[in-house]
Amino acid sequence: MIRKDDWEVVLARVSAEEREGVALPPTTEEMLAFDQGSLSPEETERVRLLLIAYPELARALAHPLPEDDEPLPAAELDRRWMEFQQTLPRRREPSRVLLFWKASAALAAALAIAFGGLLWQARRDLGRPHVIGDERLLEPDGQRGGAEAALTIAPYSDWCLLTVPIIGASGYEDYRLDIHGPGQRSAVWRSGVLSRRSNDAFSIVVPRRFLASPGTYQVVLYGVRGGGEERLATYSLRVPGD
Amino acid sequence: MSTGGDGFEETYRKYYARVWRYYRSCRISDDESHDLAQDTFKRLLEHWSSIRGEDPWPFLKQIAKSVLLNYIRATKTQKRAATTVTLDDPEIVIDLPAPPEQTYEDREDERRRRELLHRAFRELSKGQQACLRLRLNDLSYEEIQKTLGITLDAVKSRIRDAKRQLRERLGEKS
């Protein structure tokens, strides 16, 4: 008699086999275009095959949004609205004191800054990738050229997925990760002990708010053996300022 | 970014529950669903000036789907089988109870059963495999039809035939 957990194991095996043979999952833009029927026939077929290999995405893409309203309790909605407002960047109060003799110059400068800012914003918007999350494969500092060449995360993402590969350090029972903030010697976050997986990588989901301070962060990989730890590699990551 | 006096708050209050329920219905945890709903409205606010005067729901639907796909793509599939450590819960230690001890015979029986199922599944046609996989991942017949670009009758007959062939190959009664 086939049981539910037999199906789960077999489907997971089938998914793993098929994902070995295909590229990464389709991008969000590709999936939305597939859903709207705006891809070429070849692209449609390619995305379809990827969706079969990644049925979680197929399910999410096909799942409709509800069209009816079943409201939350008013108190909870109020709380959510307050939380939402707190996540938005605060506007600075403008200075109310402006000396008369500086008024003309200040006005001209303000206009220049405003127009310059609009131009800069427009240029930046044109080139801005429309992403919510950012996914980065880290490289050890020695292989990439040091912290000066540190990988930079997208400034508009709400979180990023950092993948830390284990390169040339296979002789350890377990591993551990630390994250150090800009200029900080002590870790701002430490993982528990992590077991090595078949793909030789660990992934860390980092909310963007965790990387609030601009500068260079360092992810440090330790090998754990016999109760001791050895620093194996450092992966630098630059967070740009606003 | 301002949210006052331009109808945004009204839109938020009108649609927040709907967006949150959408994420919940996609098997996202309650906390994550609220986070994703807030992200969705944050993105809506970024585009608010360009949609003023229009019905925001079509935009909101598109944004909500995009946020969900990004989330699943990154956390569930992108790095395939990588150990994922969520910074939100760095201290969580889950101490699961030990499963009941299996005998050697139980383990061998389980391994043989799964091997047989895997082989039987792989012997199905590609079309049957695709339909059955999507069905077992909880897609409705209509959703499978849309994903595979085939007729509803084709979806139903492939799944029916696949089940019949599996029963025959596994020696089970219908």
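Just so you know, these numbers come straight off a predicted model, no measurement behind them.

### Quick notes on the overall build of chain A
Turning to step 1, where the next piece is worked out: Counting its secondary structure elements, chain A contains 7 helices and 9 strands.
Turning to step 2, where the next piece is worked out: Across the 242 residues in chain A, those meeting the buried criterion constitute 23%.
Turning to step 3, where the next piece is worked out: Pairs at least 24 apart in sequence give 66% of the contacts found in chain A among residues at least 6 apart.

### Thoughts on the interface of chain B and chain A
Turning to step 1, where the next piece is worked out: Taken residue by residue, the interface counts 61 residues in chain B and 62 residues in chain A.
Turning to step 2, where the next piece is worked out: Mapped by element, the contributors of at least two residues to the side of chain B that touches chain A are helix H1 (8-25), helix H2 (30-46), helix H4 (57-78), strand S1 (83-86), helix H5 (104-122), helix H6 (126-136) and helix H7 (141-148) of chain B.
Turning to step 3, where the next piece is worked out: Of the residues forming the side of chain B that touches chain A, the biggest block, 15 residues, is contributed by H4(B).
Turning to step 4, where the next piece is worked out: Here the residues of the side of chain B that touches chain A are counted per class, giving 26 nonpolar, 16 polar and 19 charged.

### Here's the deal with the pairing of strand S9 (residues 228-239) of chain A
Residue and element names in this part refer to chain A.
Turning to step 1, where the next piece is worked out: Sheet topology note: the strand S2 (residues 151-152)/S9 ladder contains 2 bridges and is parallel. In the strand pairing of S9, Leu151 is matched with Leu237.
Turning to step 2, where the next piece is worked out: Bridge count for strand S8 (residues 215-225) against S9 is 11 bridges, and the pairing is antiparallel. Residue pairing for S9: Gln218 is matched across the bridge by Ser236.

### Describing the nonpolar core
Turning to step 1, where the next piece is worked out: The biggest cluster of nonpolar side chains holds 71 residues, and the ones touching the most others in it are Leu57(A), Val164(A) and Leu68(B).
Turning to step 2, where the next piece is worked out: Broken down by element, the residue count for this core peaks at 9 residues, all from H4(B).
Turning to step 3, where the next piece is worked out: Every residue in contact with Val164(A), bar those within four places of it in the chain, is listed here: Leu138(A), Leu177(A), Ala201(A), Phe202(A), Ile204(A), Val219(A), Leu221(A) and Tyr235(A).

### Section: unusual backbone geometry
All names here are of chain B.
Turning to step 1, where the next piece is worked out: Here Arg27, not a glycine, exhibits a phi torsion of approximately 65°, which is positive.
Turning to step 2, where the next piece is worked out: Note that Arg27 resides in the loop between H1 and H2.
Turning to step 3, where the next piece is worked out: Judged by the 13 C-beta atoms lying within 10 Å of it, Arg27 is partly exposed.

### Overview of the pairing of strand S3 (residues 159-165) of chain A
All names here are of chain A.
Turning to step 1, where the next piece is worked out: Counted residue by residue, S3 has 5 buried out of 7 residues, so it is predominantly covered.
Turning to step 2, where the next piece is worked out: Inspection of the sheet shows S3 paired to strand S7 (residues 201-207) by 7 bridges, in the antiparallel sense. For Cys160, the partnering residue across the bridge sits in S7 and is Val206.

### Thoughts on the packing of H7(B) against helix H8 (residues 152-170) of chain B
Axes are the key here: two packed helices are described by the angle between their axes and the distance separating the axes.
All names here are of chain B.
Turning to step 1, where the next piece is worked out: Running from amino to carboxyl end, H7 crosses H8 at an angle of 110°, the nearest separation of the two axes being 9 Å. By the angle between their axes, H7 is roughly perpendicular relative to H8. Contacts from Tyr141, Glu142, Ile144 and Gln145 in H7 reach Leu152, Val155 and Lys156 in H8.
Turning to step 2, where the next piece is worked out: Of the residues contributing to the contact of H7 with H8, the split by class is 4 nonpolar, 1 polar and 2 charged.

### A look at the environment of Thr163(A)
All names here are of chain A.
Turning to step 1, where the next piece is worked out: Position of Thr163 among the secondary structure elements: in strand S3.
Turning to step 2, where the next piece is worked out: For Thr163, a count of 18 C-beta atoms within 10 Å corresponds to the partly exposed category.
Turning to step 3, where the next piece is worked out: Counting along the chain gives 42 residues from Thr163 to Val205, while the straight-line C-alpha distance between them is 8.8 Å.

### Points about the packing of helix H5 (residues 74-87) of chain A against H2(B)
Turning to step 1, where the next piece is worked out: The contact between H5(A) and H2(B) brings their axes to 11 Å, and the two run at 60°. With respect to their mutual orientation, H5(A) and H2(B) come out oblique. You can see that H5(A) and H2(B) cross each other, and the crossing is right-handed. Each of Arg80(A), Glu83(A), Phe84(A) and Thr87(A) in H5(A) lies in contact with H2(B), whose residues at this interface are His34(B), Gln38(B), Phe41(B) and Lys42(B).
Turning to step 2, where the next piece is worked out: Partitioning the contact of H5(A) with H2(B) into residue classes produces 2 nonpolar, 3 polar and 3 charged.

### Digging into the confidence of the model for chain A
Turning to step 1, where the next piece is worked out: When the pLDDT values of chain A are averaged, the result is 77; 74% of them are 70 or greater.
Turning to step 2, where the next piece is worked out: The secondary-structure element of chain A with the lowest mean pLDDT is helix H6 (residues 103-127) of chain A, recorded at 62, while helix H3 (residues 41-53) of chain A shows the highest, at 91.

### Overview of the confidence of the model for chain B
Residues and elements named next belong to chain B.
Turning to step 1, where the next piece is worked out: With 80% of its residues at a pLDDT of 70 or more, chain B shows a mean pLDDT of 82.
Turning to step 2, where the next piece is worked out: When the criterion is pLDDT under 50, residues 78-86 qualifies, and its contacts beyond four places in sequence or with other chains add up to 31 contacts.
Turning to step 3, where the next piece is worked out: Model confidence for the complex: the whole-complex pTM is 0.56, and ipTM, which rates the interface, is 0.77.

### Some thoughts on H8(B)
Residue and element names in this part refer to chain B.
Turning to step 1, where the next piece is worked out: The end-to-end C-alpha separation of H8 is 27 Å, in line with the 27 Å expected for 19 residues at 1.5 Å each.
Turning to step 2, where the next piece is worked out: Along H8, the positions that sit buried rather than exposed are Val155, Arg158 and Ala162. With its buried residues spanning 65° around the axis, H8 presents them on a single face. In H8, those exposed residues whose orientation departs by more than 90 degrees from the buried face are Leu152, Asp153, Arg160, Arg164 and Glu168.
Turning to step 3, where the next piece is worked out: Looking at the packing, one finds that the buried side of H8 touches H6 and H7.
Turning to step 4, where the next piece is worked out: Positive phi shows up at Gly171, right after H8, with a value of about 70°.

What counts and how
- Residue indices follow the written sequence of each chain, beginning from 1 at its first position.
- As they are written, the chains are lettered A onward and the ligands numbered 1 onward, keeping that order.
- Side-chain atom pairs in this predicted model are given and counted only at pLDDT of 80 or more, local residue features only at pLDDT of at least 70, and totals for whole chains, interfaces and linings cover all residues.
- Secondary structure elements follow DSSP: runs of H or I of four or more residues count as helices, runs of E of two or more count as strands, with numbering from the N terminus.
- Think of it as a crowd count around each C-beta: if 20 or more other C-beta atoms lie within 10 Å the residue is buried, if 12 or fewer it is exposed, and in between it is partly exposed, with C-beta placed from the backbone throughout.
- Our contact criterion uses C-beta atoms placed from the backbone: two residues qualify when those atoms are within 7 Å.
- Gly is placed with the polar residues, together with every amino acid not listed as nonpolar (Ala, Val, Leu, Ile, Met, Phe, Trp, Tyr, Cys and Pro) or charged (Asp, Glu, Lys and Arg).
- By this definition, two strands are paired if DSSP reports at least two bridges between them.
- Each nonpolar core comprises buried Ala, Val, Leu, Ile, Met, Phe, Trp, Tyr and Cys residues, the members being joined through C-beta atoms within 7 Å.
- To get an axis, fit a line to the C-alpha atoms, keeping to the stretch in contact for a helix; angles then go from 0 to 180 degrees between the N-to-C directions.
- To sort the angles, those under 35 degrees are grouped as roughly parallel, those over 145 as roughly antiparallel, those from 65 to 115 as roughly perpendicular, and the leftovers as oblique.
- Take the far helix as your reference; a near helix turned counterclockwise from it by less than a right angle gives a left-handed crossing, and one turned clockwise gives a right-handed crossing.
- Note on scores: pLDDT gives the predictor's confidence for each residue, bounded by 0 and 100.
- Between the first and last residue of a helix there are one fewer steps than residues, each counted as 1.5 Å, and that sum is the expected span.
- This arc corresponds to the set of directions leading from the helix axis out to the C-beta atoms.

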